[in-house]
Amino acid sequence: MSERVAFITRVCSFSACHRLHSKCLSDEENKRTFGKCNNPNGHGHNYTVEVTVRGKIDKNTGMVMNLTDLKEFIEEAVMKPLDHKNLDLDVPYFADVVSTTENLSVFIWDGLQKLLPHDSLYEIKVYETAKNIVIYRGE
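Think of each chain on its own: its residues are numbered from 1, step by step along the sequence as written. Local features in this predicted model are restricted to residues of pLDDT 70 or higher, and side-chain atom pairs are both shown and tallied only at a pLDDT of 80 or more, whereas totals for entire chains, interfaces and linings draw on every residue. Hydrogens and water molecules were not included; the side-chain quantities draw on all heavy atoms of the structure.

(A) Representation of the sheet that holds strand E4 (residues 121-127). DSSP calls a pair of strands paired once it identifies at least 2 bridges connecting them. Secondary structure follows DSSP: runs of H or I at least 4 residues long count as helices, runs of E at least 2 residues long count as strands, and numbering of each begins at the N terminus. In spatial order, the strands read E3-E1-E2-E4-E5; together these 5 strands make up an open sheet with mixed pairing. In this open sheet, the two strands that pair with only one neighbour each are strand E3 (85-86) and strand E5 (133-136). When strand E2 (residues 43-56) meets E4, the two strands line up antiparallel, connected through 6 bridges. Considered in E4, the bridge of glutamate 50 is made with lysine 125. Contacts between residues were defined by any pair of non-hydrogen atoms, one from each residue, lying within 4.5 Å. All axes are obtained by fitting lines to C-alpha atoms, using only the stretch in contact for helices, and the reported angles, taken between N-to-C directions, cover 0 to 180 degrees. Across the sheet, helix H2 (residues 67-82) is in contact with strand E1 (5-18), E2 and E3; its angle to E1 comes to roughly 20°. Here helix H4 (residues 101-113) sits on the sheet in contact with E1, E2, E4 and E5, set at roughly 145° to E4.

Written out as structure tokens, the structure reads:
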């Protein structure tokens with residue numbers, strides 16, 4: 001029988017605040033572009049993140065990856081740098097990158113890529129709200 005490939009997903013949640021504001025735009029352009037999300041004092045979200053990895057099912061363990069390992073990688077790449085943080089002030093990556101959910105998904109992808117086995121990360125899905133969701137697959 002040929003090797004089987006499966007996808008496993010682990011979910012985590014964190015709280016963070018940010019302000020949508022681009023240094024490339026004037027204050028008026030920022031207000032027009034980002035609306036109430038450009039509030040000078042920022043605003044917060046309870047983000048939910050789904051991390052999906054892909055791989056061959058190991059014949060000996062029956063797993064694509066040990067979920068305990070995946071949990072630890074998520075703790076390191078997502079929870080420690082982002083939970084209960086001001087994204088714009090506490091996370092150096094966002095000093096010059098607008099803290100949109102799209103860019104947040106790239107930040108999470110890049111952090112996990114450094115920890116996970118090569119080519120195993122398949123998808124990051126970030127729920128900013130129940131209605132606003134970003135999917136990133138490293139492209």
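Having seen the model, we can carry on.
(B) View of the UniProt feature "binding site: Zn(2+)" (unreviewed entry) in the chain. UniProt positions are given in the numbering used here, feature names are shortened, and annotations may be inferred rather than shown by experiment. What UniProt calls "binding site: Zn(2+)" (unreviewed entry) maps, in this numbering, to His18, His43 and His45. The greatest C-alpha distance among the annotated residues, which extend across 28 residues, is 8.5 Å, indicating that they converge on a single site. Lining of the largest pocket among the annotated residues: His18. Assignment of secondary structure puts histidine 18 in strand E1. Exposed residues in this analysis have more than 50% of their type's maximum accessible area, buried residues have under 20%, and partly exposed residues fall in between, with area computed by a 1.4 Å probe over protein chains only. By relative accessible area, which is 2% here, histidine 18 ends up buried. The residues contacting histidine 18, other than those within four sequence positions of it, are Gly42, His43, His45, Tyr47, Leu87, Asp88, Ser99 and Glu128. Considering the arrangement of structural elements, one finds histidine 43 in strand E2. Each residue touching histidine 43, except ones within four places of it in the same chain, is listed here: Ala16, Cys17, His18 and Cys37. Only protein atoms enter the 1 Å grid used here, on which a cavity is any set of points holding a 1.4 Å probe that cannot leave and a pocket is any open set flanked by protein within 12 Å on both sides along at least five of seven lines; residues with an atom within 4 Å of a point are listed as lining.

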